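Analysis of the macromolecular model
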Amino acid sequence: MSSHNKSQYAEKDNSYYDLFREEILDLIPSSTKHLLDVGCGMGTISSMAKKKFNIDEVIGIEKFENAASVASTKLDKVICGDIETLQLEYKNNYFDCILCADIFEHLINPENVIRKLHNLLSDNGVMITSLPNIRHIVPLLKIIFDRLEHEESGVLDKTHLHFYTLHTMKKMFAETGFEIQKIETNRSISLKFRLVNMITLGLFKPFTIYQYIFVLKKKREALNDGGQFLVDEKHWGKQTLD
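Throughout what follows, the structure given in this document is the object of discussion. (Residues numbered from 1 in each chain as written. Predicted model: local features only at pLDDT ≥ 70, side-chain atom pairs only at ≥ 80, totals over all residues. Heavy atoms only, no water.)

**Describing the pairing of strand β5 (residues 121–132)**
Looking along a regular strand, one sees the side chains alternate between the two faces of the sheet. β5 sits mainly inside the fold: 10 of its 12 residues count as buried. The pairing of strand β4 (residues 95–101) with β5 spans 6 bridges and is parallel. Note that in β5 the partner of A101 across the bridge is S130. As a crossover connection, the stretch from β4 through helix α5 (residues 110–120) into β5 is right-handed. In this sheet, strand β7 (residues 209–218) lies alongside β5 in antiparallel orientation, the contact comprising 6 bridges. (Buried < 20%, exposed > 50% of the residue type's maximum accessible area, 1.4 Å probe, protein only. Helix = DSSP H or I, 4+ residues; strand = E, 2+ residues; numbered from the N terminus. Pairing = 2+ DSSP bridges. Right-handed = clockwise from strand over helix to strand, strands pointing away.)

Structure representation (structure tokens):
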């Protein structure tokens, strides 16, 4: 990560790393025994999942040391490092649930990371991920009127390296060995959005979605082949906070 990119994250308020996402928590299977939370922040979601579902082992990965230090007091183990360069010491098919809440848009090579996680996920496990939607009306209008700029948070967060639509999200997951089990959305629901949606007889509704949430499983054909993805892992680095 460049020093410029590090400084952008350093400017984030602590609340950025301490978000509770009830809609993510509700998608975690109650039968989960080994949970991996990639970009766990301060461990808010995964620690609540551990208590709610009595999960045997919850492992967090967090790039930023201050957040990782807090998470290490809540989870079974926290690995402080960059998921793009970490060599994880877990066998293939180890985790039955992997969380990646708003992670892939921040990575240099998200596809490579998804393939790595595919190998770690059990054949019957799920990966739960969320991604911001660039097709939301606000960034679209900014593009139309030539006012597009990065922002402190949201769809146009200045730390985002990639921007996705539903089509490109589906394509990325299909190309990395996953099939979609479920899609949920987060929408803008203020009065002005509801009024415009009514006036347009529902045609405006897709443009109110600012985030998609996916429940993913390994593709059946990938399981039948019995193969694992080859992952380009040129650089390794790891620090564990127990």
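**Comments concerning the packing of aromatic side chains**
Inspection of the entire model under this criterion finds 8 aromatic pairs. Measuring from centroid to centroid gives 6.5 Å for F204 and F207, while their planes differ by 35°, and the two rings are tilted. When its relative accessible area of 22% is taken as the criterion, F207 is described as partly exposed. Seen in terms of ring centroids, Y212 and F214 are 6.4 Å apart; in terms of plane orientation they differ by 35°. Their pairing is tilted. In this pair, the class of Y212 matches that of F214, namely buried. Through a chain of ring-to-ring contacts, the aromatic side chains of F104, F173, Y212 and F214 assemble into a single cluster. (Phe/Tyr/Trp six-rings, centres within 6.5 Å; stacked < 30°, edge-to-face > 60°.)

**Section: the side chain of E84**
Along the chain, the position of E84 falls in the loop between β3 (77–80) and β4. Buried charged residue E84 carries no salt bridge. Nearest counter-charge: K63, at 5.9 Å. One polar contact links the side chain of E84 to the main-chain amide nitrogen of I108, over a distance of 2.6 Å. One polar contact links the side chain of E84 to the main-chain amide nitrogen of N109, over a distance of 2.9 Å. Among residues more than four places away in sequence, those in contact with E84 are L107, I108, N109, V113 and K116. (Lys, Arg positive; Asp, Glu negative; His and termini not counted. Salt bridge = Lys/Arg side-chain N within 4 Å of Asp/Glu carboxyl O. Polar contact = N/O pair within 3.5 Å; in protein donor to acceptor, adjacent residues only side chain to side chain. Contact = heavy atoms within 4.5 Å.)

**Section: unusual backbone geometry**
Positive phi, normally seen in glycine, also occurs at N54, with a value near 55°. Here N54 is to be found in the loop between α3 (44–53) and β2 (57–62). Residue N54 is classed as exposed on the basis of its relative accessible area, which comes to 56%. Here the phi dihedral of L201 falls at roughly 55°; this positive angle occurs in a residue that is not glycine. Classification of L201 as exposed rests on a relative accessible area of 77%.

**What to know about the pattern of salt bridges**
Scanning the model with the defined rule gives 8 salt bridges in all. Residue D76 pairs with K50 through a salt bridge whose shortest N-O separation is 2.9 Å. Placement of D76 in the loop between α4 (65–71) and β3 and of K50 in helix α3 is noted, with a sequence separation of 26 residues between them. The class for D76 is partly exposed, based on a relative accessible area of 37%.

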